[in-house]
Amino acid sequence: MTENTLHDATRRNHLLEAALKEMIKFERKENEFRKKDREERAAELRLPLDAIKVH
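Residues numbered from 1 in each chain as written. Predicted model: local features only at pLDDT ≥ 70, side-chain atom pairs only at ≥ 80, totals over all residues. Heavy atoms only, no water.

Draft legend 1. The overall build of the protein, seen in detail. Counting its regular elements, the protein contains one helix and zero strands. For the protein, the accessible area works out to roughly 5800 Å², and carbon and sulfur atoms hold 56% of it. (Helix = DSSP H or I, 4+ residues; strand = E, 2+ residues; numbered from the N terminus. Areas by Shrake-Rupley, 256 points an atom, 1.4 Å probe, with all protein chains shown as cover.)

Draft legend 2. Representation of the pattern of salt bridges. Taken as a whole and assessed by the stated rule, the structure comprises four salt bridges. Here Arg41 ties to Asp37 by a salt bridge, and the two come within 3.1 Å at their closest N and O atoms. Of this pair, Arg41 and Asp37 both sit in helix α1 (residues 2-45), four residues apart, which is roughly one turn of the helix. (Salt bridge = Lys/Arg side-chain N within 4 Å of Asp/Glu carboxyl O.)

Draft legend 3. Structural context of a nonpolar patch on the surface. Judged by side-chain polarity, Leu20, Met23 and Ile24 come together as a nonpolar surface patch covering roughly 270 Å² of accessible area. For Met23, the position within the fold is in helix α1. Judged by its relative accessible area of 47%, Met23 is partly exposed. (Patch = residues over 30% accessible without salt bridge, like charges linked within 9 Å, V, L, I, M, F, W, Y side chains within 5 Å. Buried < 20%, exposed > 50% of the residue type's maximum accessible area, 1.4 Å probe, protein only.)

Such coordinate-based values are descriptive only and should not be taken to indicate function.
The structure is reproduced here in structure tokens:
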């Protein structure tokens, strides 16, 4: 029974680790998309993006 619990915990940890990696990958892509979108909108409006402090 203890072996089964250990196996479940190990499997859960692997799933959590995989989910975390996917979330990090998604967040990076989302940040890149937002940055590109912000730059494109600034170019359309001819705003100096360097002068505007973007977080």
